[in-house]
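A closer look at the structure
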Amino acid sequence: MYVTAISTAQIPSTTANSIQVMKVCQALAQNGHKVRLFVPGQARSSWSELARLYGLSEHFVLEWLPVQPRWKRYDFAWQAIRKALAVHKTNPAAHWVYTWSFQSAVFALLSRQPVLLEVHDLPTGHMGPLWLRAFLRLPGRKRLVMITQALEDALEKKYRHLLPYRDRVIAPNGVELERYAALPAPAEARAQLGLAEGLTVFCSGHLYAGRGGDLFLALAGRFPQRRFLWVGGRPQDVDAHRRQAQEMGLANVVFTGHVPQSDLPLYQAAANILLMPYGRAIAGSGGGNSAEICSPMKLFDYLAAGRAILSSDLPVIREVIDEDCARFAPPEDLESWVNALSGLLEDGALRVRLAARAKELAAQYSWKEREKSCLS
């Protein structure tokens, strides 16, 4: 099958939506499809650079399209659809437009092309809801992919008439299982990375509001004999948290800043306990609040890493994991987190049991299988 993927994500970038787009396109290519991804902007990276940044092993075609700021990327959406139309005319029965852009989805339907629209959040602004309604109402071959049941419920509540159930897919994010197939034990991983030895509590991701940076530091203060490692974050956020750790007198905390996706599994392997300390409101790179409908990619990485998980107790997280493979604490409740973390630190057998079940569960969430279900 020929797949024209269209995303407004900035490539290259360290944002979650950028990583997710590249993982999806790789999975499509791994499933045997001919994939061409269009993104806005100017070409600025070689494939080898992108492969390291995003942890990619399968090649697909990536093309940047120039845009005029005054058109607010409408020109990009139309340019991409025109290129997709050329493929569709040659291979009408074996071509899909796969997009995260409402405008591109509508333009595809108007051009009589089959389209899959992947949605990660409720539409925002004045035009977002209008574009989604147009997509839902226009005739044509189409499919709606949503990342969580909670998101489908929220869309159903707001828009009432989504597509027929046969044209909907709930597809949480995924993980590349092959990258986690032969990870070293925690002590060995720490040695390879030059990290201090000792039981290590880990978190990865950005340090936006609601991601748990303050809770992470508070926990480090309560467990001064344990190592705390945070991987990821924008330079300004990392610097601010390093200063905060210094002001708190914490000698057991390391903020590495961003590391390439290709290196991330080894850092996760260095941990004994993996944290997801989300708040009741979770900000993304564009702001907003995704706490009720999100599908964090690091959750699936954590499962594949085969380590004990301690997570904020959010309903949307429980769509994937439960007490068989994780422990939970209420968001932002420090004492509950202290008690839960203490229990995991003191009980090695429990950590082993949770880790084994997490590893088993990860097998259900490969990117390749996700994309098979999206296009089946």
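Residues numbered from 1 in each chain as written. Predicted model: local features only at pLDDT ≥ 70, side-chain atom pairs only at ≥ 80, totals over all residues. Heavy atoms only, no water.

Attention now goes to the overall build of the chain. Per the secondary structure count, the chain includes 14 helices and 13 strands. On C-alpha atoms alone, the chain measures out to a radius of gyration of 21 Å, which is about the 21 Å that the 2.2 N^0.38 rule sets for 376 residues. With the principal axes as the frame, the chain shows a C-alpha extent of 65 × 45 × 40 Å. Going through the 376 residues of the chain one by one, you find that 56% of them count as buried. When the accessible surface of the chain is summed, it comes to about 16300 Å², and 52% of that surface belongs to carbon and sulfur atoms. The average position of the 43 basic charges and that of the 34 acidic charges among the side chains of the chain differ by 8 Å. (Helix = DSSP H or I, 4+ residues; strand = E, 2+ residues; numbered from the N terminus. Rg over C-alpha atoms; globule rule 2.2 N^0.38 Å. Buried < 20%, exposed > 50% of the residue type's maximum accessible area, 1.4 Å probe, protein only. Areas by Shrake-Rupley, 256 points an atom, 1.4 Å probe, with all protein chains shown as cover. Lys, Arg positive; Asp, Glu negative; His and termini not counted. Charge placed at Lys NZ, Arg CZ, Asp CG, Glu CD.)

For the structure shown, the criterion picks out eleven aromatic pairs. Relative to Trp131, the ring of Phe107 has its centre 5.6 Å away and its plane inclined at 90°; by these criteria the two rings are edge-to-face. One end of the pair, Phe107, is in helix α4 (residues 102-110); the other, Trp131, is in helix α5 (residues 127-137), and 24 residues separate them in sequence. A single burial state applies to Phe107 and to Trp131, both of which are buried. Here a set of aromatic residues connected by ring pairs shows up, and it is made of Tyr74, Trp78, Phe107 and Trp131. (Phe/Tyr/Trp six-rings, centres within 6.5 Å; stacked < 30°, edge-to-face > 60°.)

Taken as a whole, helix α8 (residues 213-222) has its buried residues at Gly213, Leu215, Phe216, Leu217, Leu219 and Ala220. Contact partners of the buried residues in α8: β8 (200-204), β9 (227-231), α9 (235-247), β10 (253-257), β11 (273-276) and α12 (334-346). (Contact = heavy atoms within 4.5 Å.)

Along the chain, Ser204 falls in strand β8. Ser204 gets classed as buried once you look at its relative accessible area, which sits at 4%. Not counting chain neighbours up to four residues away, the residues in contact with Ser204 comprise Trp230, Val231, Leu264, Gln268, Lys298 and Tyr302.

This part covers the packing of α12 against helix α13 (residues 348-362). Closest axis-to-axis distance for the α12/α13 pair is 5 Å, and the angle between their directions is 95°. With respect to each other, α12 and α13 are oriented roughly perpendicular. For the pair α12 and α13, the contacting residues are Leu344, Leu345 and Glu346 in the first and Gly348, Leu350, Arg351 and Leu354 in the second. Looking at the contact of α12 with α13 residue by residue, the classes come out as four nonpolar, one polar and two charged. (Axes fitted to C-alpha atoms, helices over the stretch in contact; angles between N-to-C directions. Parallel < 35°, antiparallel > 145°, perpendicular 65-115°, else oblique. Nonpolar A, V, L, I, M, F, W, Y, C, P; charged D, E, K, R; others polar.)

Moving on to the nonpolar core. One finds Leu303 and Ile321 to be the most contacted residues of the largest nonpolar core, which totals 63 residues. Aside from chain neighbours lying at most four places away, what touches Leu303 is Ile309, Val320, Ile321, Cys325, Ala358, Lys359, Leu361 and Ala362. Counting 34 residues, the second largest nonpolar core, distinct from the first, contains Val24, Leu62, Trp64 and Tyr98. (Core = buried A, V, L, I, M, F, W, Y, C linked by side-chain atoms within 4.5 Å.)

Note on placement: Thr8 falls in the loop between β1 (2-6) and α1 (16-30). When its relative accessible area of 33% is taken as the criterion, Thr8 is described as partly exposed. Residues within four places of Thr8 in sequence aside, it is in contact with Pro40, Arg73, Phe76 and Ser101.

Locating Tyr159 in the fold gives a position in helix α6 (residues 149-159). Tyr159 has contacts with Pro123, Pro129, Leu132, Arg133 and Leu136, leaving out every residue within four places of it along the chain.

Taking strand neighbours across the sheet as the criterion, the six strands line up as β10-β9-β8-β11-β12-β13 in an open arrangement whose pairing is parallel. Pairing within the sheet leaves two strands with one partner each, and these edge strands are β10 and β13 (326-329). For this sheet, the mean inter-axis angle between neighbouring strands, taken without regard to orientation, is 20°. For strand β12 (residues 308-312) and β13, the ladder comprises four bridges, and the chain directions are parallel. In the strand pairing of β13, Ser312 is matched with Ala329. Of the strands in this sheet, β8, β9, β11, β12 and β13 are in contact with α12, which crosses β12 at around 175°. (Pairing = 2+ DSSP bridges.)

So, about the packing of helix α11 (residues 297-305) against α13. Relative to each other, α11 and α13 sit at 120°, their axes nearing to 6 Å. Classed by the angle they form, the pair α11 and α13 counts as oblique. Here the hand of the crossing between α11 and α13 comes out left-handed. Residue-level contacts link Leu303, Ala304 and Ala305 of α11 to Ala358, Lys359, Leu361 and Ala362 of α13. Residue composition of the contact of α11 with α13, grouped by class: six nonpolar, no polar and one charged. (Left-handed = near helix turned anticlockwise from the far one by under 90°.)

What follows is about the sheet that holds strand β3 (residues 61-65). Taken in spatial order, the seven strands make up an open sheet running β3-β2-β1-β4-β5-β6-β7, and their pairing is parallel. Looking at strand neighbours, the two that pair on one side only are β3 and β7 (168-170), the edges of this open sheet. Averaged over all adjacent pairs, the angle separating strand axes in this sheet is 20°, with direction ignored. Of the strand pairs in this sheet, strand β5 (residues 115-119) and strand β6 (residues 142-146) are connected by five bridges, and their pairing is parallel. Bridge pairing in β6 links Val115 to Lys142. Of the strands in this sheet, β1, β4 (95-99), β5 and β6 touch α4, which is tilted by about 165° from β5. In this fold α6 packs onto β5, β6 and β7, with an angle of close to 140° to the strand it touches most, β7.

Note that every value here comes from positions in space, so none of it alone points to a role or purpose.
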